[in-house]
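Take a look at the letters that make up each chain.
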Amino acid sequence: MSPAPSQPRDRADLTPDAIDRTEFTTCYMCACRCGIRVHFKDDKLRYIDGNPDHPVNRGVLCAKGSAGIMNVLSPARLKKPLKRVGPRGSGQFEEIDWDEAMAIAESWLGDIRKTDPKRLAFFTGRDQSQSLTGWWAARFGTPNFAAHGGFCSVNMAAGGLYSIGSSFWEFGEPDWERTKLFLMFGVAEDHDSNPIKIGLGTLKSREDAKFVSINPVRTGYSAIADEWIGITPGTDGLFAGALIHELLRAEAIDWDYLARYTNAPWLVYQAPGRPEDGLFARDKDGHPLVLDGITKAPSDALSPDAKPVFAGSVEIDGLRAVPAFQIMAERFLDDAYAPDTVAETCGIPAATIRRLAAELSEMAFKHQIELDIDWTDWAGRKQTKVVGRPVSMHAMRGISAHSNGFHTCRILHLLQMILGTIDVPGGFRSKPPFPRPIPPGPKPAGHDVKQSTPLDGMPLGFPTGPEDLLVHPDGTPKRLDKAYSWDHPLAAHGLMQMVIHNAWKGDPYPIDTLFLYMANMGWNSSMNVPATLHYLTDTVADGGYKIPHIIVSDAYYSETVPYADLVLPDTTYLERWDCISLLDRPICSAEGPADAIRQPILKPDRDVRPFQDVLIDLGARLKLPGFVTASGDPAYPGLYADYIVHHERAPGVGPLAGWRGEDGDQSGRGDPNPDQLQRYIDHGGFWHHPFTEGQSWLKHGNRDYLTHAQSMGWIPAADRIVMQIYSEPLQKFRLAARGHGPVLPPPGHRARIDTYFDPVPFWYPPFEGSSADMGTGADYPLHAVTQRPMHMYHSWGSQNAWLRQITNHNKLYLHPDTAAAHDARDGDWVWIVSPIGRVKAQIKTMQGVERSTVWTWNAIGKRRGAWGLEAGAPESEKGFLLNHVISELLPATDGGYRHANADPVTGQAAWYDLKVRLEKCLPEEAGTTEPMFERFDAPNLAPSHAVAGTLRFGADSTGTASGRPPTPHREFVRKDGGA
């Protein structure tokens with residue numbers, strides 16, 4: 001219980017009359033997308049704080065959000081469209097007007113669309129309008145589209161969506177109010193930043209809750225964990241598998257949950273060499289079968305009367321079949337997952353593993369939660385309570401950015417299913433529009449690319465078998481990044497990190513134009529940066545560039561902008577319309593759907609345009625279907641604001657779900673409402689529709705929820721969503737590798753597909769460090785990873801004058817014992833050496849890091865001349881990137897082929913696999929980082945607000961006394977230190 005507050009005492013008036021106007025919008029300083037209030041005095045921006053009514057952050061705002069003012073005033077802001085006049089990478093541009101810029105873009109893109117649309121590669125970074133950009137690419141007719149997810153966290157998304165119909169990342173959250181044991185894997189600071197902080201604050205205020213962080217580095221959230229488990233990078237799946245091993249041995253299993261909500265009891269054919277091997281046994285109607293414990297015979301798994309067993313064997317049509325659970329249990333009961341076996345690899349004592357497994361079991365089954373709630377299950381049966389397990393989990397990039405991340409994520413979801421702790425009180429809860437069918441639709445489009453013709457669907461999707469791959473009859477890829485090919489069949493977010501390399505190499509084909517939006521591919525969003533810069537500038541025999549045209553749109557002068565031939569300057573987030581849509585990356589909570597807008601509350605002081613407006617204008621100029629009317633006029637003459645209101649992806653379903661219908665009285669579905677944006681503005685910039693109690697739990701099998709989800713357009717039918725401990729789609733790929741089916745992989749890919757497309761999740765060592773070509777443990781004994789600081793978000797943060805005062809360069813952090821082994825101490829400089837190169841950095845020791853791991857903050861280092869930073873800026877003199885020494889390719893196979901350095905299933909960039917060694921610098925080498933690239937020239941950027949070299953804000957903002965009485969002040973901490 002919280003201590004009683006002391007008596008109030010008088011306090012000085014700290015709230016002068018500082019503002020006279022407040023506007024509501026959505027933050028863009030990270031991917032959390034919090035609601036913010038932007039305050040003005042005499043039409044001048046004064047300060048930004050959190051919107052207390054907003055469902056995401058409830059008024060909480062971090063340092064990044066409050067510092068958004070300095071991004072709006074950044075001296076790195078682009079001022080006008082630019083056309084390159086010097087060599088690529090020189091930064092030599094001339095300013096042009098928008099008519100010329102749009103004419104150039106229209107000319108390049110128009111020629112491509114008339115001849116071969118796939119010669120356009122359109123890739124976007126950390127933007128939040130991917131439903132628009134993906135639709136534009138589809139209307140253009142290119143399959144070569146994706147966003148940042150392939151570099152960031154596609155393993156999280158795909159691993160979850162192919163297992164539980166939802167995922168970690170942004171698609172779910174713990175039940176913070178009821179969970180009693182919370183496990184966080186591989187998270188320092190996350191996209192869901194402020195909600196996690198609020199949730200952890202709730203946990204830390206309760207005496208009955210425990211927070212365990214599994215991470216090689218104790219920073220960020222881990223710093224406040226009740227228990228920190230410093231795991232060896234890349235072994236989280238092995239550790240979680242050992243927990244499953246112990247739970248299976250103890251039969252600490254929620255059998256009823258597995259029977260009702262998963263495919264654990266479904267029968268699987270065991271017929272090696274036959275095309276049915278590993279597929280589900282089905283009846284004549286295609287329904288999966290279970291072994292009925294009463295009749296001892298196969299019966300319909302989808303029947304509400306089924307009484308399945310989880311072990312045993314039955315013969316069906318002459319083939320043996322066993323329950324999926326039995327196959328899974330045989331794997332994880334093997335000694336390979338025993339605590340004593342995995343302890344050394346994971347760097348975690350076997351006793352710790354056994355203890356944590358016992359804690360999971362006790363909390364899940366001896367502290368069961370029951371809520372008295374009336375609801376209807378998928379079969380129409382009335383229920384009067386919901387049973388919960390107060391164990392929850394969350395995971396992110398520390399899991400995702402490994403070459404074994406997809407299966408590791410599946411193992412974590414398997415652990416959740418065994419405990420019965422998904423979408424129950426105290427567990428991990430899906431956020432709408434999830435859960436979705438497993439796997440969700442649609443399938444990727446791009447099988448048949450034609451001149452001047454849209455694709456027959458969206459470029460990104462979810463394959464269910466080999467027939468959905470975008471490959472030619474000979475097995476070669478149809479996409480530039482090789483997504484949805486035999487290289488990476490389930491690359492649901494594409495492989496952004498491979499686009500520049502493949503375009504340079506012409507593998508699988510050359511392109512004409514690379515179109516990038518807010519993607520710093522010339523720096524911290526690439527692997528092997530020195531090689532990437534070569535790819536961008538390499539020429540053919542006649543002197544032309546191997547990538548003929550590059551268009552970049554960004555608000556700031558990033559490291560990538562100087563490599564563009566045409567620059568289309570974007571606005572900052574306070575100068576444009578945006579929608580945070582259920583069609584894109586939603587901001588919902590588990591309690592109900594939500595979406596939001598950004599509105600232009602500032603007028604740009606530069607000749608810049610919102611990229612979304614530019615894209616819609618280009619669509620109309622190019623006469624793309626959907627962007628023009630039947631008469632050829634622009635379909636959205638009001639550009640993006642017009643699109644937000646009037647575009648429909650399906651009948652009645654548009655970018656925003658709130659205030660639909662002619663009168664604005666409909667939610668989810670409804671005709672476009674011309675006043676919709678004003679309704680959002682009037683409501684603080686967001687819409688939220690809470691679920692009823694009966695819709696809120698066990699959404700996979702809850703008719704109340706499923707019916708509602710169908711009515712909102714989130715799922716195609718109100719059918720039960722069955723979670724998958726065993727993945728039949730993966731088995732279909734494995735069967736193809738074994739020679740079964742009409743679409744087969746080329747011989748060189750078959751062993752790889754057979755190995756990694758296992759229907760039951762498994763752990764395998766990360767690729768780097770597992771072969772001589774990638775460096776042996778003796779050559780490169782240390783793991784090197786990055787963490788995201790709470791006050792920065794990739795490149796954006798370290799050009800912010802306020803945030804730079806917190807961190808303006810990064811160091812390499814390592815354990816004191818590791819430093820001692822290299823005869824190094826705080827402040828020394830070292831070379832960080834990988835199999836492809838080396839980078840120089842200054843070291844700092846700390847206790848909170850696993851001994852075989854070194855780490856640094858990501859994206860702090862900057863290139864000289866970029867981001868409006870002055871000469872000698874610490875970011876460019878001392879700041880560094882590990883990206884410079886991470887290979888984008890794996891070693892050649894026996895046949896000479898080189899795969900991407902990525903997860904073999906999804907194509908997720910494996911930049912956390914990096915293995916290095918340290919070499920202490922000579923005295924004359926200390927002082928500045930290397931590699932040090934040539935300084936860019938800088939175009940005429942936005943007016944700087946710097947005074948005497950220092951960018952300041954608010955020095956002239958002095959308020960007058962408000963006249964309000966002194967604010968009562970209460971002390972919530974007793975002076976005597978008591979509770």
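No experiment lies behind these values; they were computed from the predicted model shown. (Residues numbered from 1 in each chain as written. Predicted model: local features only at pLDDT ≥ 70, side-chain atom pairs only at ≥ 80, totals over all residues. Heavy atoms only, no water.)

**Considering the overall build of the protein**
Each helix and strand counted, the protein has 26 helices and 36 strands in total. In terms of overall size, the protein behaves like a compact globule, its C-alpha atoms giving a radius of gyration of 28 Å where 979 residues would be expected to give roughly 30 Å. Dimensions of the protein, computed from the C-alpha atoms along their principal axes, are close to 85 × 80 × 75 Å. Taking all 979 residues of the protein together, the buried fraction comes to 63%. Considering only contacts within the protein whose residues lie at least 6 apart along the sequence, 71% involve residues at least 24 apart. For the protein, the computed accessible surface area is about 34300 Å², with 50% contributed by carbon and sulfur atoms. (Helix = DSSP H or I, 4+ residues; strand = E, 2+ residues; numbered from the N terminus. Rg over C-alpha atoms; globule rule 2.2 N^0.38 Å. Buried < 20%, exposed > 50% of the residue type's maximum accessible area, 1.4 Å probe, protein only. Contact = heavy atoms within 4.5 Å. Areas by Shrake-Rupley, 256 points an atom, 1.4 Å probe, with all protein chains shown as cover.)

**Overview of the nonpolar core**
Membership of the largest hydrophobic core comes to 289 residues, with the highest contact counts inside it found for Trp136, Phe239, Phe325, Leu574 and Ile832. Broken down by element, this core gets its largest block of residues, nine residues, from helix H14 (residues 405-419). Apart from residues lying up to four places away in sequence, Phe239 is in contact with Phe185, Ile214, Ile229, Ile231, Cys346, Ile348, Ile353 and Leu356. By size, the runner-up hydrophobic cluster in this structure holds 10 residues, among which are Tyr269, Ala281, Leu289 and Ala321. (Core = buried A, V, L, I, M, F, W, Y, C linked by side-chain atoms within 4.5 Å.)

**Description of the sheet that holds strand S9 (residues 181-185)**
Spatially, S11-S10-S9-S21 is the arrangement adopted by the four strands of the open sheet, whose pairing is parallel. One side of each edge strand has no neighbouring strand; the edge strands of this open sheet are strand S11 (227-229) and strand S21 (391-395). With strand direction ignored, the average angle separating the axes of adjacent strands in the sheet is 15°. Both strand S10 (residues 210-214) and S11 contribute to a ladder of three bridges, which runs parallel. Opposite Val212, over in S11, you have Glu227 as the bridge partner. (Pairing = 2+ DSSP bridges. Axes fitted to C-alpha atoms, helices over the stretch in contact; angles between N-to-C directions.)

**Let's talk about helix H21 (residues 728-737)**
For H21, a buried count of nine out of 10 residues is recorded, marking the element as mostly surrounded by other parts of the structure. Within H21 the residues assigned to the buried category are Glu728, Pro729, Leu730, Gln731, Phe733, Arg734, Leu735, Ala736 and Ala737. Along its buried surface, H21 packs onto H14 and helix H22 (747-756). One or two positions beyond H21, positive phi appears at Gly739, with a value near 95°.

**Brief notes about the domain arrangement of the protein**
Here the protein is described as being made up of domain 1 (108-153 + 440-550), domain 2 (166-434) and domain 3 (770-925). Taking the mean C-alpha position of each, domain 1 and domain 2 sit 35 Å from one another. Its largest share of buried area at the contact with domain 2, domain 1 owes to Cys152, Ser153 and His493, together 83% of the area lost on that side. Our count for the contact surface shared by domain 1 and domain 2 stands at zero residue pairs in polar contact (both at pLDDT 80 or more). Partitioned by chemical class, the residues of the side of domain 1 that touches domain 2 number two nonpolar, two polar and no charged. (Domains from an automatic or database assignment. Buried area = accessible area lost by both parts, 1.4 Å probe. Polar contact = N/O pair within 3.5 Å; in protein donor to acceptor, adjacent residues only side chain to side chain. Nonpolar A, V, L, I, M, F, W, Y, C, P; charged D, E, K, R; others polar.)

**A few points about the sheet that holds strand S28 (residues 686-688)**
With respect to topology, three strands assemble into an open sheet ordered S26-S27-S28, the strand pairing being antiparallel. The sheet is open, and its two borders are formed by strand S26 (578-580) and S28, each paired with just one other strand. Averaged over all adjacent pairs, the angle separating strand axes in this sheet is 10°, with direction ignored.

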